[in-house]
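Examination of the molecular architecture
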Amino acid sequence: MRGLRVTKPRLTVLDILSRGGHLEVEEVTRQVRAHLDSVSTQAIYDVLGVLTRAGLARRIEPAGSPALYEARVNDNHHHIVCRACGAIVDVEGAIGESPCLDPPHTHGYDIDETEVTFWGLCPGCRELAVND
């Protein structure tokens with residue numbers, strides 16, 4: 001596991017994240033507790049931090065949302081967030097010439113990742129807005 005000590009909480013969190021989705025710490029904690037006898041919320045924060053630093057999990061923070069975690073890493077994908085209900089879906093990263101993803105000045109940085117969040121209304125919320 002990328003040089004990390006293998007523990008039940010780490011394996012359980014990885015399993016939960018591998019099922020997909022974008023999960024808040026509270027949801028990860030709830031699911032871990034369904035599998036393990038007892039685990040503190042702080043332990044889950046610690047596990048998520050270790051997994052994120054090791055590149056086994058990804059932390060995203062859409063504006064106005066708590067931190068969310070996912071297992072999809074190292075593939076340059078982005079996210080679409082519904083402004084009304086907060087639903088999040090993955091969208092593949094741009095391929096080819098994408099001026100907004102290729103800054104004209106890097107200020108000396110060696111850029112290795114771009115994070116993009118698209119905002120709008122999901123189909124369900126759009127339908128509700130039309131019917132109101």
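Details of the structure are given in the entry above.
Here's what I pulled together on the structure shown here. Small disclaimer: the values here were computed from a predicted structure and weren't measured.

Our next topic: the pairing of strand S4 (residues 88-91). The side chains of a regular strand alternate between both faces of the sheet. With four bridges connecting them, strand S3 (residues 78-82) and S4 associate as antiparallel partners. Considered in S4, the bridge of His-78 is made with Val-91. Adjacent in sequence and paired antiparallel, S3 and S4 are bridged by five residues, among which Gly-86 carries a positive phi angle near 85 degrees.

Before going further, it helps to spend a moment on unusual backbone geometry. A positive phi angle is found at Asn-74, which is not glycine, with a value near 60 degrees. Position of Asn-74 relative to the elements: it lies in the loop between strand S2 (68-70) and S3. The class of Asn-74 is exposed, set by a relative accessible area of 70%. One non-glycine residue, His-107, lies in the positive phi region at around 55 degrees. Along the chain, His-107 turns up in the loop between S4 and strand S5 (117-120).

What follows is about the nonpolar core. One finds Val-13, Leu-17, Val-28, Val-32, Ile-44, Leu-48 and Leu-51 to be the most contacted residues of the largest nonpolar core, which totals 19 residues. The set of elements that each furnish at least two residues to this core consists of helix H1 (8-18), helix H2 (25-35) and helix H3 (41-53). Those residues in contact with Val-13 that sit more than four places away from it in its chain are Val-28, Val-32, Ile-44, Val-47, Leu-48 and Leu-51.

The subject of this paragraph is the sheet that holds S3. Strand order in the open sheet made by the three strands is S4-S3-S5, with mixed pairing throughout. Edge positions in the sheet fall to S4 and S5, since each of these pairs with one other strand and no more. Neighbour-to-neighbour, the strand axes of this sheet turn through a mean angle of 25 degrees, independent of strand direction.

This next bit is on a negative patch on the surface. A grouping of Asp-110, Asp-112, Glu-113 and Glu-115 is seen on the molecular surface, where their side chains present a negatively charged patch. When you line up the elements, Glu-115 lands in the loop between S4 and S5.

About the criteria used
- Residues numbered from 1 in each chain as written.
- Predicted model: local features only at pLDDT ≥ 70, side-chain atom pairs only at ≥ 80, totals over all residues.
- Heavy atoms only, no water.
- Pairing = 2+ DSSP bridges.
- Helix = DSSP H or I, 4+ residues; strand = E, 2+ residues; numbered from the N terminus.
- Buried < 20%, exposed > 50% of the residue type's maximum accessible area, 1.4 Å probe, protein only.
- Core = buried A, V, L, I, M, F, W, Y, C linked by side-chain atoms within 4.5 Å.
- Contact = heavy atoms within 4.5 Å.
- Axes fitted to C-alpha atoms, helices over the stretch in contact; angles between N-to-C directions.
- Patch = residues over 30% accessible without salt bridge, like charges linked within 9 Å, V, L, I, M, F, W, Y side chains within 5 Å.
- Areas by Shrake-Rupley, 256 points an atom, 1.4 Å probe, with all protein chains shown as cover.
- Salt bridge = Lys/Arg side-chain N within 4 Å of Asp/Glu carboxyl O.
- Lys, Arg positive; Asp, Glu negative; His and termini not counted.
- Charge placed at Lys NZ, Arg CZ, Asp CG, Glu CD.

The analysis is restricted to geometry; functional conclusions fall outside its scope.
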